[in-house]
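This is what each chain is made of:
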Amino acid sequence: MLIFKRMILLLLLTCPAFGEKETFDFVIDQQGRQLPAHIFGFADPKMYEIHNDRAKNYNDDELLKLKKEIHLQHIRGPGGTVANYFLWKTGTVMNSTVPEYKKYYGEKTIGMIELTDPNVLKPLTMDLLLKNAQALKVPYVYALNIFSQTDEEIIECVIELKKSLPDQQLYLELGNETYAQINSHKFPTVKEYLDTAKRLSIKIKSVMPNAKIGVVAFQPVLYHRIAGSTGAKEKILSKNDWEYTQAGRILNWNSSILEYISFFDAIVLHPYLRIRTFSDKPNASDAMKHMFAEIEFHNEKLMELRDEFPDTEFWVTEWHIFNSPYLWGKTEKIKAIHSINKYSGSAIIIADMQSTLFFNPSITLSSIHSFYTANGFGMVNYLTPKDDDIKVKMPQYYTLQALGLILEKYKFVYSLHAPEGNKVSHKLAGLKKTVQYPKIGAYGYGTEKGAKLGVLINRTEHTQTFSITGKKIRKIWAYGDKTPFPNYLKEKKYAWVDAPDYIPAPRSFSEEFSKQIELEPYAMTIIEIDKATGLSFPTKK
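No experiment lies behind these values; they were computed from the predicted model shown.

S.K.: Provide a residue-level description of the environment of Ile368, including the pertinent values.
M.R.: Topologically, Ile368 is positioned in strand β14 (residues 363-368). The residues contacting Ile368, other than those within four sequence positions of it, are Gly41, Phe42, Ala43, Trp319, His320, Ile350, Met379 and Leu400.

Take a look at the structure:
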């Protein structure tokens, strides 16, 4: 028994999970993917600014400067869900104060839309909406209101978009998340939606043959969330009105699109990483493991979807961390306690998710939601509501800006293969799914001749040693903090809409090339491979 206890103690003391760093040697894939020209973008939901007191932000010079510095390749708008209510001719919205509202939307309403005055003093006209895209010379990915506008008004909108951005590819989404049950009045089943989408696609192509059109598909992880078990499917299918339930509405959504896919260029997906509760995440490391596992599961399902839609582009026009306890907290204090989206841990998660989207061969557009908001989704936040002229870069701004700088020079991505021991197993309790993900996420960027840079994500709370077989490498930049969420689940000094009181700065390095380097815990690290690239990355807040 004494010998047995000593053996257990020895295992505990030598096990890497208890703090000893590990060494991982990676291999670079020889086959790269050339990235689409406009893959890296941001949602810019200016509909949130239609309120009179926010109209000044339609074209804020500081925000335009920050968009330029992050090197975005497209802008998506005019909003997310709220785009289904936008009236482009008047630059405002249709809400239940408008007599014909129920004809298009039924009894259901959206809070932000209800709070927007249809007679707003400064409407969001097309010239204001597109001004940033014009200034940056990037495409605008436009989510059309196919609910309360006529076919003729939609065609006019498309013509106006092309007139305003004549040299840019035209990307059009046929509605936003039309599968959601709140949209069942207009589209009771997927057939009504697809018939409408087909009709509009034919009309749009007749006047704008080169326009690219995306049809709303259902993010496959949500199948697992809503109707993933056999029992759930049987229960749905046993109901006579199954298409009118939320789970029923989406059960055959994607398979139905396959019958119409020849009319569209892409399917539109919104893969949000979800936190539904913190009750099973008592420590910051638990939250990080949950989100890394979510990334892996989303990636698996998006790759599987390629088999269902083998020759179709995927437009991921919304994605982020959907932190339910934060967004739906009943008091401002509760919201602030759960506001982990505004810390460096989330910046690492977001950089990791963005990298996996780059590496999916079907994805041609990815638009994080969103560039400027104070609700936890923003890359940029105001300091406080009273100091909204002071713009603050959130931690995720720095990690995505680094990726944007890389894409300015390097157009190919290369997978770095992980060794067998580079795995963590984590159970996503809400999904009843156990996921294995690598301890180090490794992504190569370069030219058609091979990888020149590496972006590495240390997904553990320990320092790790990294190398690439047959290569010399050096660390040139890093972002992250060993405490990914300061004061995790504790009362915060700042309000939930404010910028946080601690934002770590990026760090640069001038090391010599060597066979291996150390990766800091919960950090994104950029390395050069074999020789200097000449790239430099910002290090100031």
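S.K.: Quick rundown of the layout of surface pockets? Include the residues and the values.
M.R.: In this structure, the largest pocket encloses a volume near 1,400 Å³. In terms of lining, the largest pocket is formed by 45 residues, of which the most central are Tyr48, Phe322, Leu327, Asn375 and Phe377. If you list the elements that add at least two residues to the lining of the largest pocket, you get α4 (111-114) and α8 (220-227). For the lining of the largest pocket, the per-class residue count stands at 22 nonpolar, 15 polar and eight charged. In this structure, the second largest pocket is lined by 24 residues; those nearest its centre are Asn299, Ser415, Leu416, Ala442 and Tyr443. Contributions of two or more residues to the lining of the second largest pocket are made by α12 (284-308), β17 (412-417) and β20 (440-447). The element contributing the most residues to the lining of the second largest pocket is β17, with five residues.

S.K.: An account of the packing of helix α6 (residues 151-164) against helix α7 (residues 190-207) is needed here, citing residue identities and associated values.
M.R.: It is at 10 Å that the axes of α6 and α7 come closest, and there the two elements cross at 40°. Comparing the axis directions of α6 and α7 gives the class oblique. Both α6 and α7 take part in a crossing whose hand is right-handed. On the side of α6, the interface is formed by Asp151, Ile154, Ile155 and Val158, while α7 contributes Arg199, Leu200, Lys203, Ile204 and Val207. Broken down by class, the residue content of the contact of α6 with α7 amounts to six nonpolar, no polar and three charged.

S.K.: Summarise unusual backbone geometry; cite the residues concerned and give the values.
M.R.: Going from Gly77 to Pro78, the amide bond is cis rather than trans, its omega being 5°. Mapped onto the elements of the fold, Pro78 is located in the loop between β4 (74-77) and β5 (86-87). Between His369 and Ser370 the backbone carries a cis peptide bond, its omega angle lying at 10°. Inspection of the secondary structure puts Ser370 in the loop between β14 and β15 (380-382). Positioned with a positive phi, His71 is a non-glycine residue whose angle comes to about 60°.

S.K.: I'd like to hear about the environment of Lys411, residue by residue, with values.
M.R.: The topology assignment puts Lys411 in the loop between α16 (395-409) and β17. According to the relative accessible area criterion, Lys411 is partly exposed, its value standing at 40%. For the pair Lys411 and Glu448, spaced 37 residues apart in sequence, the C-alpha separation works out to 8.1 Å. For Lys411, the contacting residues outside a window of four places in its chain are Arg33, Gln34, Leu35 and Gly446. There is a polar contact of 3.3 Å between the side chain of Lys411 and the backbone oxygen of Glu408.

S.K.: So what's going on with the packing of aromatic side chains? Which residues, and what values?
M.R.: Evaluation of the coordinates by the stated rule reveals 33 aromatic pairs. A ring pair is formed by Tyr272 and Phe322, whose centres lie 5.9 Å apart and whose planes are at 85°; its orientation type is edge-to-face. Here Phe322 lies in strand β13 (residues 321-323) and Tyr272 lies in the loop between β10 (266-269) and β11 (273-275), a separation of 50 residues in the sequence. Given the relative accessible area of 8%, Tyr272 is considered buried. Since its relative accessible area comes to 16%, Phe322 is described here as buried. Ring plane angle 90° and centroid distance 6.1 Å describe the contact between Phe359 and Tyr445, whose orientation is recorded as edge-to-face. Of this pair, Phe359 sits in the loop between α15 (344-358) and β14 while Tyr445 sits in strand β20; the two residues are 86 residues apart in sequence, bridging distant segments of the chain. Of the two residues, Phe359 and Tyr445, both sit in the buried class. Through pairs of rings, three or more aromatic residues link up here, namely Tyr85, Tyr101, Tyr104, Tyr105, Phe147, Tyr179, Phe187, Tyr193, Phe218, Tyr223 and Trp253. A cation over a ring is seen here: Lys335 above Trp496, with NZ or CZ 4.3 Å from the ring centre. The ring centre of Phe509 lies 4.7 Å from the NZ or CZ of Lys475, which sits over that ring.

S.K.: Just give me the short version of the pattern of salt bridges, but keep the residues and values in it.
M.R.: Oppositely charged side chains may form a pair once their charged atoms are brought near each other. Scanning the model with the defined rule gives 24 salt bridges in all. Of the charged contacts, one joins Arg76 and Glu318 as a salt bridge, the two residues approaching to 2.9 Å between their closest N and O atoms. One end of the pair, Arg76, is in strand β4; the other, Glu318, is in the loop between β12 (313-316) and β13, with 242 residues separating them in the sequence. Here the two residues Arg76 and Glu318 agree in accessibility, since each one is buried.

S.K.: Quick one: what's the story with the side chain of Thr317, residue by residue and with numbers?
M.R.: Inspection of the secondary structure puts Thr317 in the loop between β12 and β13. Using a relative accessible area of 0% as the deciding quantity, one classes Thr317 as buried. Here Glu173 takes part through its side chain, which lies 3.1 Å from a polar atom of the side chain of Thr317. Ignoring any residue separated from it by four or fewer positions in sequence, one finds Thr317 in contact with Arg76, Val141, Glu173, Val268, Leu269, His270 and Ser367.

S.K.: Before we move on, can you summarise α15 with the specific residues and values?
M.R.: Note: α-helices contain 3.6 residues per turn, so residues at a spacing of three or four share the same orientation. Compared with the 21 Å implied by 1.5 Å per residue over 15 residues, the 21 Å span of α15 between its first and last C-alpha is a close match. Counting buried residues in α15 gives 15 out of 15 residues, a clear majority hidden from the surface.

S.K.: So what's going on with the pairing of strand β18 (residues 424-428)? Residues and values would help.
M.R.: Across the two faces of β18 the burial differs, with Val424, His426 and Leu428 buried and Ser425 and Lys427 not buried at all. Direction of pairing for β18 relative to strand β19 (residues 433-437): antiparallel, over a ladder of five bridges. Directly across from Lys427, in β19, lies its bridge partner Thr434. What sits between the antiparallel neighbours β18 and β19 is a turn of four residues, in which Lys432 has the positive phi angle 55°.

S.K.: Could you give me a rundown of the sheet that holds strand β3 (residues 40-43), with the residues and numbers involved?
M.R.: Read around the closed barrel, the eight strands follow the order β3-β4-β7-β8-β9-β10-β12-β14; overall the barrel is parallel. Direction aside, the axes of adjacent strands within the sheet are offset by 25° on average. As judged from the three bridges shared by β3 and β4, these two strands associate in the parallel manner. Within the sheet, the bridge partner assigned to Phe42 lies in β4 and is Ile75. Contacts between α7 and the sheet are confined to β7 (140-144), β8 (171-174) and β9 (212-216), with β9 contributing the most and set at about 175° to the helix. Seen against the sheet, α15 touches β3, β12 and β14 and runs at an angle of roughly 160° to β14.

Cut-offs and rules
- Residues numbered from 1 in each chain as written.
- Predicted model: local features only at pLDDT ≥ 70, side-chain atom pairs only at ≥ 80, totals over all residues.
- Heavy atoms only, no water.
- Helix = DSSP H or I, 4+ residues; strand = E, 2+ residues; numbered from the N terminus.
- Contact = heavy atoms within 4.5 Å.
- 1 Å grid on protein atoms, 1.4 Å probe; cavity = no way out; pocket = protein on both sides within 12 Å on 5 of 7 lines; lining within 4 Å.
- Points joined across faces, edges and corners; volume = space filled by probe spheres on them.
- Nonpolar A, V, L, I, M, F, W, Y, C, P; charged D, E, K, R; others polar.
- Axes fitted to C-alpha atoms, helices over the stretch in contact; angles between N-to-C directions.
- Parallel < 35°, antiparallel > 145°, perpendicular 65-115°, else oblique.
- Left-handed = near helix turned anticlockwise from the far one by under 90°.
- Buried < 20%, exposed > 50% of the residue type's maximum accessible area, 1.4 Å probe, protein only.
- Polar contact = N/O pair within 3.5 Å; in protein donor to acceptor, adjacent residues only side chain to side chain.
- Phe/Tyr/Trp six-rings, centres within 6.5 Å; stacked < 30°, edge-to-face > 60°.
- Lys NZ or Arg CZ within 6 Å of the ring centre and 35° of its normal.
- Salt bridge = Lys/Arg side-chain N within 4 Å of Asp/Glu carboxyl O.
- Expected span 1.5 Å × (residues − 1).
- Pairing = 2+ DSSP bridges.

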